[in-house]
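Now for the letters of each chain:
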Amino acid sequence: MMAMETYLIYLAAVAVFFATPPDTSQLLIISNSVRYGLKRSAYTMAGDLTANSLQMTGAAFGLAAIIATSASAFVWIKWLGVAYLVWIGVQLILSKDQTDDVAAAESGQSFRLFRQGFVTSMANPFAVVFFGALFPQFIDPTSPVLPQLLILGVTYLVVDGAILLVWGWLGVRAAAALRQSSFGAVNKICGTLMIGAAALLASKDFQPQRY
């Protein structure tokens, strides 16, 4: 099993990774919480965490090495991710008022919210390589590796989920404080930041980072 000292260092490292301004997934959570409420935005959170789980699994089985050595695969994933983030950003900027959005969500759009969270997280090709670079730093090769990977992965998901809930709660608080006419402004701000994040992703060289 993992030594407690190693685990605490890992926990501190993960906390540091999240001590930054909101990333694309968190911006999406904020916007959806403002538009639909925290309960509905939970579908987006679930999509994000599901993508995280798949990325961790891919890293554990060597997908990180494949992406790191295949320039063409990386470029394709990167630009598809950029295109999707821009598309989400434009949707937010052009979105209707909050009342119409809630009506749309209540008419059976839960899967769409899940898909938004899933694809937004999966759209970043750095994520798999990030996990592939992070986990080995905290694994003891003399002990069974699978239980250690499980501990590292679950811990990351719990921390990530808690951070997403905080951002979602802040979005709900913002919605409560804003007049109806202000909801569109929040969507436009989040959409613009989403497009800005896509531009940053497009300009970055191939270096592992937190997604």
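Just above, that's the structure.
Predicted model only: the values in this text are computed from it and were never measured.

Details of the overall build of the chain
Item 1. Along the chain, the regular secondary structure elements total 10 helices and zero strands.
Item 2. Its helices and strands taken in sequence order, the chain reads α-α-α-α-α-α-α-α-α-α from the N to the C terminus.
Item 3. Counting every position in the chain, which comprises 211 residues, the buried fraction comes to 44%.
Item 4. Taking contacts inside the chain between residues at least 6 apart in sequence as the whole, the part at least 24 apart equals 89%.
Item 5. Counting only carbon and sulfur atoms, one obtains 71% of the accessible surface of the chain, whose full area is about 10,600 Å².

As for a nonpolar patch on the surface
Item 1. A cluster of nonpolar side chains, Val86, Val90 and Leu94, forms an exposed patch at the surface whose accessible area comes to about 240 Å².
Item 2. When you line up the elements, Val86 lands in helix H5 (residues 71-93).

Observations concerning the packing of aromatic side chains
Item 1. Applying the stated criterion across every chain yields a total of nine aromatic pairs.
Item 2. Centre to centre, the rings of Phe17 and Phe130 are 5.1 Å apart; their planes meet at 80°, and the pair counts as edge-to-face. Separated by 113 residues along the polypeptide, Phe17 in helix H1 (residues 4-17) and Phe130 in helix H8 (residues 126-134) bring together distant segments of the chain.
Item 3. Looking at Phe17, the relative accessible area reads 26%, which means it is partly exposed.
Item 4. Residue class for Phe130 comes out buried when judged on its relative accessible area of 6%.
Item 5. The interplanar angle of 85° and the centroid separation of 5.0 Å between the aromatic rings of Phe131 and Tyr156 together place this pair among those described as edge-to-face. One end of the pair, Phe131, is in helix H8; the other, Tyr156, is in helix H9 (residues 145-177), with 25 residues separating them in the sequence. Each member of the pair, Phe131 as well as Tyr156, is classed as buried.
Item 6. Following the ring pairs from residue to residue traces out a cluster consisting of Tyr10, Phe17, Phe18, Phe130, Phe131, Phe135, Phe138 and Tyr156.

Conventions and cut-offs
- Residues numbered from 1 in each chain as written.
- Predicted model: local features only at pLDDT ≥ 70, side-chain atom pairs only at ≥ 80, totals over all residues.
- Heavy atoms only, no water.
- Helix = DSSP H or I, 4+ residues; strand = E, 2+ residues; numbered from the N terminus.
- Buried < 20%, exposed > 50% of the residue type's maximum accessible area, 1.4 Å probe, protein only.
- Contact = heavy atoms within 4.5 Å.
- Areas by Shrake-Rupley, 256 points an atom, 1.4 Å probe, with all protein chains shown as cover.
- Patch = residues over 30% accessible without salt bridge, like charges linked within 9 Å, V, L, I, M, F, W, Y side chains within 5 Å.
- Salt bridge = Lys/Arg side-chain N within 4 Å of Asp/Glu carboxyl O.
- Phe/Tyr/Trp six-rings, centres within 6.5 Å; stacked < 30°, edge-to-face > 60°.

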